[in-house]
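Residues per chain, in single letters:
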Amino acid sequence: MSSGACGSVCESGALMPVDEAIRYLLDQAPLPPPVQRVALDQALGRVLATDIHSPMNLPAWDNSAMDGYALRACDLPAAGGYLTLVGRIAAGQASNKPLQPGQAVRIFTGAPLPPGADTVVPQESCQVEGERVWLPPVHDGDHVRKEGEEMRQGDLLLRAGKRLRAQELGLLAGAGIAEVEVYRPLQVGLLSSGDELREPGEALAPGQIYNSNRHSLAALLRSWGMQVHDYGAMPDKLLASRQALSLAAAECDLLLTSGGVSVGEEDHLKQAIEALGSVDLWRLAIQPGKPLAFGEVAGKPWIGLPGNPSAALITALIVLRPFLFRAQGMDEVLPVPLQLPAGFDWPKPNRRRQYLRAKLAPSADGSLCVELHPQQSSAMLAAACWADGLAVVECQTQVRLHDKVMYLPFASLMH
Ligand SMILES: Nc1nc2c(c(=O)[nH]1)N[C@H]1C(S)=C(S)[C@@H](COP(=O)(O)OP(=O)(O)OC[C@H]3O[C@@H](n4cnc5c(N)ncnc54)[C@H](O)[C@@H]3O)O[C@H]1N2
Ligand code: MOO
């Protein structure tokens, strides 16, 4: 074992806590990629490179939150009463005619209040009689969206490091912003390691299996908004592996491999990477996914995930995701777990933190509880497909039915 996060702890056979590995990786994350200016319709899932301040007040002027009648609250007797109707303002129109004492105007949702008006009454509470309208008692300011109440001109609209979702794009558009500065998507080179791997569609010889990590990991990277350079399975010769890794390092910001990071002798991944850079083999207190490697290839960061398909998937979600998101320029990179009652017993404490394939199900009283799939093998993916998330059981901990457990919905990890 070379230098790195766990040092003598790992050498003595102890396992590195998952949170320590994540912290170490966040410290090692490279600077984000170069900045690009893109139109809003190209910005979904991209990470803002600069703070954005509002160029205008939101809303830009006082406006009605209801279809109804606009008035000056001080004109209406405490018990309600009649005002004279003097006009009509629809959304998209504006009136600069000040409201006079005793007057009201017909107004529609989103329309600007006329000068002097301060209150709106929804139409269903009013009665129109010819030129007059009867209005119930009001409070000054009812049903009015005040100028600048959401955001004042110059306020921070969105902070650098924010990944843009539908609501952020809507907010930017609502403030009249057409383009934003974002980081170019990370270019991640993906390679699988293992002589036994064949691609779906090919015939299998005895001892061979299909390469599933290539597809699950590529899909994760894409759903995280990153660009995948897919180099397939590494050739089974050391020289050819080195060439594939060198090419990937030259073309990408970071490299990701799966397989070949445990204690076996068969795989030449470690040898090839040592020849081109450096390798730290870690033993994490995580199940599935204990063996994990970090290092660099020709100056580019490299993470080696374990080969077992669920171990690769879960370590990608838990350990790789924060590292890549930080390298992509995001500030908030750690998921916030829910705390929910367990619908299971976990009687046997383990020295590794368990990430168990789970889903939420209604318990007898109708509240939600966390259920486990009976099959938790790190080699199998069917349970992960059944699951909606991961139940987290801490090292050396037992869980009894109805105890609170941490639950990470896939929805919080896969985007
Ligand atoms: N003596 C020990 N053996 C193992 C240990 C250990 O501590 N001592 N750790 C086990 C654990 S935990 C895991 S996880 C695996 C990880 O091993 P590697 O990362 O070196 O992965 P491989 O040996 O290459 O493969 C493991 C397993 O996964 C299959 N695999 C690999 N790549 C793919 C792929 N792209 N698609 C589908 N399946 C893949 C491979 O065929 C093996 O079955 O090590 C344990 N062993
Ligand atoms: O962690 Mo390994 O993934 O237990 O098989």
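Residues numbered from 1 in each chain as written. Chains lettered and ligands numbered in written order. Predicted model: local features only at pLDDT ≥ 70, side-chain atom pairs only at ≥ 80, totals over all residues. Heavy atoms only, no water.

1. Notes on the overall build of the protein chain
In terms of regular secondary structure, the protein chain is built from eight helices and 26 strands. Taken against the 2.2 N^0.38 rule, which gives 22 Å for 415 residues, the C-alpha radius of gyration of the protein chain at 30 Å runs more than 25% over that of a compact globule. If you line up the protein chain on its principal axes, its C-alpha atoms span 90 × 50 × 45 Å. Counting over 415 residues, the protein chain shows a buried share of 47%. If you take every contact in the protein chain between residues at least 6 apart in sequence, the share linking residues at least 24 apart comes to 71%. (Helix = DSSP H or I, 4+ residues; strand = E, 2+ residues; numbered from the N terminus. Rg over C-alpha atoms; globule rule 2.2 N^0.38 Å. Buried < 20%, exposed > 50% of the residue type's maximum accessible area, 1.4 Å probe, protein only. Contact = heavy atoms within 4.5 Å.)

2. Focus: the layout of surface pockets
Put simply, the second largest pocket is a space of about 460 Å³. Taken together, 17 residues form the lining of the second largest pocket, with K162, R165, M330, E332 and H415 sitting closest to its centre. Along the lines of polarity and charge, the residues of the lining of the second largest pocket split into seven nonpolar, three polar and seven charged. (1 Å grid on protein atoms, 1.4 Å probe; cavity = no way out; pocket = protein on both sides within 12 Å on 5 of 7 lines; lining within 4 Å. Points joined across faces, edges and corners; volume = space filled by probe spheres on them. Nonpolar A, V, L, I, M, F, W, Y, C, P; charged D, E, K, R; others polar.)

3. Observations concerning the confidence of the model for the protein chain
Per-chain confidence: the protein chain averages 94 in pLDDT, with 96% of residues scoring 70 or above. With pLDDT under 50 throughout, residues 1-12 is counted as low confidence; its partners more than four residues away or in other chains account for 22 contacts. Complex prediction metrics read pTM 0.92 and ipTM 0.96. (pLDDT = per-residue confidence, 0-100.)

4. Structural notes on the site of ligand 2
Taken together, the neighbourhood of ligand 2 is formed by P288, G289, K290, N308, A311, R352 and S378. Between G289 and ligand 2, the recorded distance is 2.3 Å, taken from a backbone N or O atom to an oxygen atom. (Near = heavy atom within 4 Å. Polar contact = N/O pair within 3.5 Å; in protein donor to acceptor, adjacent residues only side chain to side chain.)

5. As for the packing of aromatic side chains
Any aromatic ring pair is given by two values, namely how distant the centres are and how the planes are angled relative to each other. Evaluated as defined, the whole model comprises five aromatic pairs. Taking 5.5 Å as the distance between ring centres and 75° as the angle between the ring planes, the aromatic pair formed by Y24 and W282 counts as edge-to-face. Of this pair, Y24 sits in helix 2 (residues 18-28) while W282 sits in strand 18 (residues 277-283), and the two are 258 residues apart along the sequence. With a relative accessible area of 21%, Y24 lands in the partly exposed category. By the ring-pair criterion, three or more aromatic residues cluster together here, those being Y24, W282, F294 and F323. Over the aromatic face of Y82 sits the side chain of R132, whose NZ or CZ is 3.6 Å from the ring centroid. (Phe/Tyr/Trp six-rings, centres within 6.5 Å; stacked < 30°, edge-to-face > 60°. Lys NZ or Arg CZ within 6 Å of the ring centre and 35° of its normal.)

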